Amino acid sequence: MKIKKLFGSVLFMCAVFVAEAQTPVDWHLLSPAKDKVYGAGILEAYCELENTTPKRKVVVALIDAGFDVQHEALANVLWRNKKEVAGNGKDDDKNGYRDDLHGWNFLASPDGKLIERTSDEAFRQFLKVKERFDELHGKERSDEESNEYIGYLKFAKNSRLVSLYTGASFNYNIAKGVEELDRLLREKCPDREPTLEDFAALNPIVQQSGDTLQKIAYYTYSIIWSFGNQNKKWDTLYRNRYRSSEAQRQECEKAWAALVDERSLANDDFNTLSNKYYGNHEFLSAAADEGTAVAGIIAATPGVAKGIKGISDQVELMLIRAVPSSGDAYDKDIALAIRYAVEQGADIINISFGKYMLDNPKWIDDAIAYAEKHDVLIVHSAGDNYRDTEKDPYFPVAQGQGRKHAFSNIITVGASDMEGNPYINSNYGASSVDVFAPGVQLYTTVRGDNYRKVTGTKIAAPVVTGIAAMLKSYYPSLKASRIKDILVHTARQTPSATVPFPHDPTNSEGAPTGGYDRLCVSGGIVDAVAAVQLAREICKGK
């Protein structure tokens, strides 16, 4: 009787999904062959499973920026720490985290204040070398010092404030290069005001000098003087050469002084992992929409609102807040969040965030290795900066830092649209991104019993997490590494040999093109139907 009910439940779910998923808001559940949109084939996958019973619930840990635990479509799918008594203010299970009923928030002060704002990682790293950078930027540098200086400029790519500051410093160096140009002009015109024609005549001398900075200064001031400043005298341009760079530097330093990083409110020592019991069990941050949206894609209760249905009804969601509402997460919080998820019994961890620099890569690698040892799959979003992450890694990464072998339990996900093209802002990488998944305009839950469409790899990752949870619930003998292999090897290839690559939308030259094989390991978009079929074949007789 029980088995018949379970079969009936699966049949009903299949029927409900097929009947209700005809609107664009559900497109990620649909299939190209049946529905003419490049969804993940989740409805078809459930029909494939109609004669199979789920074997167990799957615990999915979400590490994110905040959650609405009272959302009408999520309240009944939350993981429950059965050893903890709700609201008694005690650490009943003696795990060091008091009242962690549904998970833990690592970003809170001892008096309960939620930590909302931090700086970005590139800014934090640049502060460590700023004194050296300032020393180098105003002097003549050796080749070795020039390489060091250029290395510091790379921090600017990932921090607006650092970009402004290094830009001002670069302008300062150009201004210094103009001093040599002024000397050359004075030699050429000792008794009169130099003209634009005199300046143009310096070109052969500058080209022969071999001084790159002087060449840049020459080209820069050629443009400045030629366009809009023809009537200005050289003396005026020369006298004002430092004005803009110094104003920029002063503006940056004021902004730095006003920057708020609340991470110290946690009152821990964030230079050691041993001091790990901090935070609280509150999740409703200013960025609660972020984690709530991820949760809805994976496990929102069907029927609560039109068009809303999570991918798996066999999931319990463990909530872990380790990401600030603005700024980058600290490595300590990420590492401890992963370890907490593993220790509390998570099967899968969804990480819909990342960053391009780490302060303590070993902490992150050790936490991932800990998850790998305990057979926990980590699903990570590829990032939304249209970057090739082979050249510019978006951490955490499967390869780790300085490891001989890549982690087998991380799957990195790019985002695709209804037409089967990559999302224009999605990061990519032929060996660093594993698979693409629907991630454009997905309708999901947000705080306050509300719903809206969300776009990005942050929402594509939970599509893969949901499918992975589906496989684990029906085929629990599958190891994390095997689930990753299944999802990668069964990815659906698009009929077109070329697709527009993710790119800077302001690039007037348009998008470069190529196949998905140049964008990810699998060369395609996740396919739940093919994944179920392969999982069934692998587990036949088990």
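For the structure, check the block above.
A short tour of the structure in this document, coming up. In this text, all values refer to a predicted model and were calculated from it rather than measured experimentally. (Residues numbered from 1 in each chain as written. Predicted model: local features only at pLDDT ≥ 70, side-chain atom pairs only at ≥ 80, totals over all residues. Heavy atoms only, no water.)

Another aspect to go through is the environment of Phe-501. Along the polypeptide, Phe-501 turns up in the loop between strand E10 (499-500) and strand E11 (513-514). The buried category is assigned to Phe-501, whose relative accessible area is 7%. Sequence separation between Phe-501 and Leu-161 is 340 residues, and the spatial gap between their C-alpha atoms is 29 Å. (Helix = DSSP H or I, 4+ residues; strand = E, 2+ residues; numbered from the N terminus. Buried < 20%, exposed > 50% of the residue type's maximum accessible area, 1.4 Å probe, protein only.)

Bringing the nonpolar core into the picture now. Ranked by size, the top nonpolar core spans 71 residues in total, and within it Leu-317 and Leu-487 carry the most contacts. In terms of residue count, helix H15 (residues 457-474) provides more of this core than any other element does, eleven residues in total. Core analysis: the second largest hydrophobic core is formed by 43 residues, Trp-104, Ile-115, Ile-320 and Ile-349 among them. (Core = buried A, V, L, I, M, F, W, Y, C linked by side-chain atoms within 4.5 Å.)

This part is about the packing of aromatic side chains. Between two aromatic rings, the relevant description is the distance of the centres plus the angle of the planes. For the coordinates displayed, the defined rule picks out 29 aromatic pairs. Ring geometry for Phe-106 against Tyr-278: centres 5.6 Å apart, planes inclined by 65°, an arrangement best described as edge-to-face. Taken as a pair, Phe-106 in the loop between strand E2 (103-105) and helix H4 (121-137) and Tyr-278 in the loop between helix H11 (243-258) and helix H12 (288-299) lie far apart in primary sequence, 172 residues in all. Judged on exposure class, the residue Phe-106 and its partner Tyr-278 are both buried. (Phe/Tyr/Trp six-rings, centres within 6.5 Å; stacked < 30°, edge-to-face > 60°.)

Strands sit in the order E2-E3-E1-E4-E5-E6-E7 across an open sheet of seven strands; the sheet is parallel. Whereas interior strands pair on both sides, the edge strands pair on one side only; in this sheet they are E2 and strand E7 (435-438). Ignoring which end each strand starts from, the neighbouring axes of this sheet average 25° apart. Relative to E7, strand E6 (residues 410-416) runs parallel, the two being bridged by four bridges. Bridging across to E7, Val-413 finds its partner in Val-435. The strands touched by helix H13 (residues 331-343) within the sheet are strand E1 (58-64), E2, strand E3 (315-321) and strand E4 (348-351), with E3 carrying the most contacts at an inclination of about 150°. Set on the sheet, helix H16 (residues 480-489) makes contact with strand E5 (377-381), E6 and E7; between it and E6 the angle comes to about 30°. (Pairing = 2+ DSSP bridges. Axes fitted to C-alpha atoms, helices over the stretch in contact; angles between N-to-C directions. Contact = heavy atoms within 4.5 Å.)

One way to put it is that H16 packs onto helix H17 (residues 528-538) with a least axis distance of 9 Å and a crossing angle of 135°. It follows that H16 is oblique to H17 by the angle criterion. For the element pair H16 and H17, the recorded crossing hand is right-handed. For the pair H16 and H17, contact is made by Arg-482, Ile-486 and Leu-487 and by Ala-531, Leu-534, Ala-535 and Ile-538, respectively. Class assignment for the residues of the contact of H16 with H17 results in six nonpolar, no polar and one charged. (Parallel < 35°, antiparallel > 145°, perpendicular 65-115°, else oblique. Left-handed = near helix turned anticlockwise from the far one by under 90°. Nonpolar A, V, L, I, M, F, W, Y, C, P; charged D, E, K, R; others polar.)

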